[in-house]
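# Analysis of the macromolecular model
If you want the building blocks of each chain, they are given just below.
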Amino acid sequence: MTEHHDLTVDVVLPCLDEAEALPWVLERIPPGWRALVVDNGSADGSPDIARALGATVVAEPRRGFGAACHAGLLASDADVVCFCDCDASLDPGLLVPFVAEVAAGRADLVLGRRRPATRGAWPPHARAGNLALSRMLRRRTGLRLHDLGPMRAARREELLGLELTDRRSGYPLQMVVRAADAGWRVRERDVPYLPRAGRSKVTGTWRGTWHAVRDMRAVLAEPVREKERVA
């Protein structure tokens, strides 16, 4: 097992018009880790801001949250890859214990369970959609998770082995479903959830939330994959 301090770590930050949030997010990347800002067609100068702040910028013109996340995964050459929203709702510095759990072999995939820091941080419609998905996920996989949020960490080679195909809002869920099918040890850690900077592209409205739920239902309908490793 590679020791924690010897691991290389990349943080994938899918980005669509996040100029306001980028300085806050990037200054919180842990020392020695690399920020991979995946620009998904921003028109507000986000790529230039990210470069100026020391991030590596990856261009992904195909729109979609999953498209941006997967482009970052493919661009990474690190031992461990983390994912985090780029809207200042989550502090990437909180990923340090996630990586420690993966490095120590206590978990294969660590997810952040969002705990709203203020009343307006997580709108009711977004919470409702997340709760519905968590229940559907439990029925599909048996995993008793409470949140399917974007903050997570796992080893890069194992993530690539999941052969993720969703390129829209179902990407985070597909990762968990396929990890469960493969016998991965999946854990949750509480993380404070802050009001995002700007408007959400997915869960800013009831309509957007339920479109995301619809996309994710298709992921949950996937046939169970054969376990490729021993749990």
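Residues numbered from 1 in each chain as written. Predicted model: local features only at pLDDT ≥ 70, side-chain atom pairs only at ≥ 80, totals over all residues. Heavy atoms only, no water.

### Considering helix α3 (residues 65–75)
- Across the eleven residues of α3, eight count as buried, placing the element largely inside the fold.
- The inward-facing, buried residues of α3 abut β1 (9–15), β2 (34–39), β3 (56–59), β4 (80–83), α6 (156–161) and α7 (171–181). (Buried < 20%, exposed > 50% of the residue type's maximum accessible area, 1.4 Å probe, protein only. Helix = DSSP H or I, 4+ residues; strand = E, 2+ residues; numbered from the N terminus. Contact = heavy atoms within 4.5 Å.)

### A short note on the environment of Glu-158
- For Glu-158, the location among the structural elements is in helix α6.
- The sequence separation of Glu-158 and Ala-179 amounts to 21 residues, and the corresponding C-alpha distance is 9.1 Å.

### Overview of unusual backbone geometry
- Despite not being glycine, Asp-17 has its phi angle at roughly 55°, a positive value.
- Considering the arrangement of structural elements, one finds Asp-17 in the loop between β1 and α1 (22–26).
- In this structure, Ala-88 takes a positive phi of about 70° despite not being glycine.
- Mapping Ala-88 onto the fold places it in the loop between β4 and α4 (96–103).
- A relative accessible area of 14% means that Ala-88 is categorised as buried.

### A word on α7
- Most of α7 sits inside the fold, with eleven of its eleven residues counted as buried.
- By the burial criterion, the buried members of α7 are Tyr-171, Pro-172, Leu-173, Gln-174, Met-175, Val-176, Val-177, Arg-178, Ala-179, Ala-180 and Asp-181.
- Just past α7, the residue Gly-183 takes up positive phi, approximately 80°.

### Brief notes about the nonpolar core
- Ranked by size, the top nonpolar core spans 37 residues in total, and within it Leu-13, Leu-26 and Cys-82 carry the most contacts.
- Where this core is concerned, the elements lending two or more residues are β1, α1, β2, β4, α4 and β7 (186–193).
- If you look at the next biggest cluster of nonpolar residues, it comprises 36 residues, including Ala-68, Leu-143, Leu-173 and Ala-179. (Core = buried A, V, L, I, M, F, W, Y, C linked by side-chain atoms within 4.5 Å.)

### Considerations on the environment of Gly-142
- Considering the arrangement of structural elements, one finds Gly-142 in the loop between α5 (124–141) and β6 (152–155).
- Given the relative accessible area of 48%, Gly-142 is considered partly exposed.
- Sequence separation between Gly-142 and Ala-180 is 38 residues; the distance between their C-alpha atoms is 8.4 Å.

### Quick look at the pattern of salt bridges
- Applying the stated criterion to the full structure yields eleven salt bridges.
- Arg-187 serves as the salt-bridge partner of Glu-101, at 3.1 Å between the closest nitrogen and oxygen. Here Arg-187 lies in strand β7 and Glu-101 lies in helix α4, a separation of 86 residues in the sequence.
- Note that Arg-114 and Asp-147 form a salt bridge whose closest N and O atoms lie 2.7 Å from each other. In this pair, Arg-114 sits in strand β5 (residues 109–116) while Asp-147 sits in the loop between α5 and β6, placing the two residues 33 residues apart along the sequence.
- Classification of Arg-114 by relative accessible area gives buried; the value is 12%.
- Here the salt bridges share partners, and the residues they tie into one network are Asp-10, Arg-34 and Asp-77. (Salt bridge = Lys/Arg side-chain N within 4 Å of Asp/Glu carboxyl O.)

### Topic: the pairing of β3
- Alignment of β2 against β3, held across four bridges, turns out to be parallel. Opposite Asp-39, over in β3, you have Ala-59 as the bridge partner.
- Taken together, β2, helix α2 (residues 46–52) and β3 form a β-α-β motif whose crossover is right-handed. (Pairing = 2+ DSSP bridges. Right-handed = clockwise from strand over helix to strand, strands pointing away.)

### Focus on empty space enclosed by the protein
- Counted according to the given criterion, the structure contains one cavity of 30 Å³ or more.
- Empty space within the largest cavity amounts to approximately 40 Å³.
- Residue lining of the largest cavity: Phe-65, Cys-69, Phe-83, Pro-150, Arg-152, Tyr-171, Pro-172 and Met-175, and that is the complete set.
- Breaking the lining of the largest cavity down by element, the ones donating at least two residues are α3 and α7.
- The dominant element in the lining of the largest cavity, judged by the number of residues it contributes, is α7, at three residues.
- Residue classes in the lining of the largest cavity are distributed as seven nonpolar, no polar and one charged. (1 Å grid on protein atoms, 1.4 Å probe; cavity = no way out; pocket = protein on both sides within 12 Å on 5 of 7 lines; lining within 4 Å. Points joined across faces, edges and corners; volume = space filled by probe spheres on them. Nonpolar A, V, L, I, M, F, W, Y, C, P; charged D, E, K, R; others polar.)

None of the figures reported here should be taken as evidence of function without further support.
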